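So you can see what is in the structure, the chains are spelled out below.
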Amino acid sequence: MQPTILDALADGLIKVTDEERPRLGPTSTPALFAVFSSGNDRFLGFVTSEEIAQSPHRIFADLLPRTIPPAIGRDTSIVAALALMERENHWILPVTDDSGAFVGAVTRPRLLELLLDHYQKLSAELEEEQRQLRLWSTRLGELNQASRTLMALMAHVEGEENMAQSGINVLATLLRARYGAVGIIDENGKLDGFFVTGVSQEQIERIGRWPEGKGLLGVVVQTNQSLRLDDLTRDPRSAGFPPGHPPMKSLLAVPIADDGKVYGRVYLCDKLNGEPFSEEDEVLATTFAHSLALALIQSREQTQRRKAEQETRRLLNENRQLTRKLLKAQEEERKRVARELHDELGQYLTAMQADLAMMSSLSERSHPEIHHSAQTVEALLIRFHDTVRSLIENLRPPLLDQLGLAEALEELVNEYRSHYRDISWKLTIIGDLGVLDETLKITVYRIVQECMNNIGRHARATQAEVMVCESIACQGESCQRHFGPAPGESSSVRLLIKDNGVGLSSREAKRGLGLMGVRERVEALGGLFSLESQSGQGTCVAIEIPSQARP
Amino acid sequence: MQDNKLTTKYTLRARIREFKIPPVHEGLVLGRRATIGCKAIRKSLELLMTYPFAHLELEDEVISDILVREAVLRRVPKEQLIEFVLQRIKPFMDDTEILHLDVETELHLEETF
């Protein structure tokens, strides 16, 4: 704190009146007199013992200098007082309080002495701060290096055991501690792992067991606070060392904690230079332990995330397998029902048609009413037969089994051309689709069928394009723009179905059951599904399914 | 043998003069190192005498002050008096002394109509 005028008040100041005659004592100690008027107690000036010695018989009035020094307030700064002395050519000034009453005197030597003391003190403080700053700078550099090492460990070291071991190695080096240990605790606060540095394998085997949480280690665990001791053996809470344990003296223990949750403790013993651990060491260790806590949290989260990802992948895989089985079973059932309908119902219908034709012919002249009824039933039967045939085709397109996927798709497109004449349909097939397995063929067929159905019924399009290609064979620009370059050795089938219709709103795209079913089919086979659509700008469905379904 | 008994004889001789009031007529010249300072002398003069004295302060190494009856300064300008004292009296004076100053002034007045 900067000295004030009150700190500089002259000691031993003697108050006298102007009419008094000085009486100098036998001592040679210099005296300073403040002279006041005997009539009204007004301050008149200062007289020194040296001045008295020159004219010892004079009264104080005749010893005073000709001018009265100006008074300064007690709040005046030392620098301002010195400036006033310089300006007014005085070596001493009276000091007054707020009411103007005389308080004392300050002299130039005393003020300069105080300032010098103050500047020397400031200089010493500055020097100490610079020293501390250099020390901290060095320490921070080391901490930074250590933190980078820890970050590197986090990036490259797998598992919290390795993290804890590497962390305590770095921390002990940083704080120049001979011994270090990290105790990791489980959710219940029990010691789950203990990692040491500075203790040889031979010493570890001689000790034979990890700490049991007795004595000072137990104190740290229970209180969850830092502990810094110059000599741990003198602490009444110390339980001593087990046989074979190296002797240790100074101790620094800090919790590995973050946001109030404790993950373990860091213990450091005996600095290499023999000094006790300092407050700065504690700050560094606490900071480092917090970093270690964050590293442990991240490690644990990574482990948990990895496990969760594995579990998710497993469940997804199971789900795909189940969906594939379900689709396969569904297709097989459809195929069986279609065959039954074709083989059984078809034959009956054909027989009934033949019988009705005969009945109609025989009754034409004899029983015109029966003839008319027979013709009506025959017409209904033909329509019923057509319906059954259509049903069979929907259940299992017969061309798919008879001619293959490419021809079945051609037939499907032709059918849509005849149904939706306002739309210009275009089908492009690249590569040999015959190599695809049975499940994939029917999946491709169903997807194309669903998408074309959507276009015909909802898109209000004038142009529609369907492209099916086997990726290895595909070099088309449009295909590569949507799917990227063709994969090297792995094979897949790619579908691109687009139109120039009204497009889908995001809500329709999400809620449409047909598209949802398409997506499920694709994902069940390990494929990728994407839908691009903007209102008024058409819709584009891009699908890629691996030819050999992923496990 | 001589008698060693000592005897003491006292002889008194007196010179009596009247203490003249005032002790100072026209003024005093004070040496710079005089035992009594100007303020003390002035205070004494004020107590002893009824007529006022003027205080002339000098910047000189021997003479520090002149105390002179104000009536004198009505006849002689103070600058002329100071010059006179410094030129005529100072050479005979020590800086530790205080000297009586008796001033005789003579004015020649002439008026032409």
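Now for a description of the structure that goes with this document. Every value quoted in this text rests on a predicted model; they were computed, and no experiment measured them.

A closer look at the interface of chain A and chain B
Taken residue by residue, the interface counts seven residues in chain A and 14 residues in chain B. Taken together, both faces of the contact between chain A and chain B bury some 830 Å²; the carbon and sulfur share is 38%. Of all residues in chain A, A:Arg58, A:Asp62 and A:Arg66 bury the most surface against chain B, accounting for 59% of the area lost on that side. With a closest N to O distance of 2.6 Å, A:Arg66 and B:Glu59 form a salt bridge. Applying the counting criterion to the chain A and chain B interface returns 10 residue pairs in polar contact (both at pLDDT 80 or more).

A look at the sheet that holds strand β4 (residues 98-101) of chain B
Residue and element names in this part refer to chain B. Strand order across the open sheet formed by four strands is β2-β3-β1-β4, with antiparallel pairing between neighbours. Only two strands of the sheet have a single neighbouring strand rather than two, namely β2 (53-57) and β4. Across the sheet, the axes of successive neighbouring strands diverge by a mean angle of 15°, strand direction being ignored. In this sheet, strand β3 (residues 63-69) lies alongside strand β1 (residues 27-31) in antiparallel orientation, the contact comprising five bridges. What sits directly across from Gly31, in β3, is Ile63. Against the sheet, helix α1 (residues 38-48) engages β1, β2, β3 and β4, with an angle of about 15° to β3.

What about the pattern of salt bridges?
The full count for this structure, using the stated rule, is 23 salt bridges over all chains. Between B:Lys43 and A:Glu19 there is a salt bridge, with the nearest N and O atoms lying 3.4 Å from each other. Of this pair, B:Lys43 sits in helix α1 while A:Glu19 is found in the loop between β1 (13-17) and β2 (32-36), placing the two residues in two different chains. Judged by its relative accessible area of 43%, A:Glu19 is partly exposed. One salt bridge connects A:Asp235 with A:Arg237, and the closest N-O pair in it is separated by 2.9 Å. Overall, the relative accessible area of 12% leaves A:Asp235 in the buried class.

Structural notes on the sheet that holds strand β10 (residues 251-258) of chain A
Residue and element names in this part refer to chain A. Read from one edge of the open sheet, five strands run β8-β7-β11-β10-β9, paired in antiparallel fashion. What marks the edges here is a single partner per strand, and that holds for β8 (191-197) and β9 (227-229). Strand-to-strand twist in this sheet, taken as the mean axis angle between neighbours without regard to direction, amounts to 15°. Contacts from helix α4 (residues 160-174) reach β7 (177-185), β8 and β11 (261-271), with the element oriented near 40° to β8. Each of β7, β9, β10 and β11 touches helix α7 (residues 279-366); the most contacted strand, β10, lies at about 35° to it.

Details of the pairing of β7(A)
All names here are of chain A. Burial analysis of β7 places eight of its nine residues in the buried class, which makes it a mostly covered element. Across seven bridges, the pairing between β7 and β11 is antiparallel. By the bridge assignment, Ala181 is partnered in β11 with Tyr267. Taking the residues between adjacent antiparallel strands as the criterion, β7 and β8 are bridged by five residues, where Gly189 takes a positive phi near 85°.

Observations concerning the side chain of A:Ser250
Position of A:Ser250 relative to the elements: it lies in the loop between β9 and β10. Residue contacts for A:Ser250: discarding those within four places in its chain leaves A:Leu229, A:Asp230, A:Leu232, A:Leu268, A:Cys269, A:Asp270, A:Lys271, A:Glu275, A:Pro276 and A:Phe277.

Here's the deal with the environment of A:Phe288
Of note, A:Phe288 is situated in helix α7. On a C-alpha basis, the gap between A:Phe288 and A:Gly141 in space is 13 Å, while along the polypeptide they are 147 residues apart.

Notes on the packing of α4(A) against α7(A)
Residues and elements named next belong to chain A. Here α4 crosses α7 at 165°, and the two axes come no closer than 10 Å. Classified by the angle their axes make, α4 and α7 are roughly antiparallel. Read as a crossing pair, α4 and α7 show a hand that is right-handed. Between α4 and α7, the contacting residues are Glu160, Met163, Gly167, Val170, Leu171 and Leu174 on the first element and Ala285, Phe288, Leu292, Ala295, Leu296, Ser299 and Arg300 on the second.

Criteria and cut-off values
- Residues numbered from 1 in each chain as written.
- Chains lettered and ligands numbered in written order.
- Predicted model: local features only at pLDDT ≥ 70, side-chain atom pairs only at ≥ 80, totals over all residues.
- Heavy atoms only, no water.
- Contact = heavy atoms within 4.5 Å.
- Buried area = accessible area lost by both parts, 1.4 Å probe.
- Salt bridge = Lys/Arg side-chain N within 4 Å of Asp/Glu carboxyl O.
- Polar contact = N/O pair within 3.5 Å; in protein donor to acceptor, adjacent residues only side chain to side chain.
- Pairing = 2+ DSSP bridges.
- Helix = DSSP H or I, 4+ residues; strand = E, 2+ residues; numbered from the N terminus.
- Axes fitted to C-alpha atoms, helices over the stretch in contact; angles between N-to-C directions.
- Buried < 20%, exposed > 50% of the residue type's maximum accessible area, 1.4 Å probe, protein only.
- Parallel < 35°, antiparallel > 145°, perpendicular 65-115°, else oblique.
- Left-handed = near helix turned anticlockwise from the far one by under 90°.

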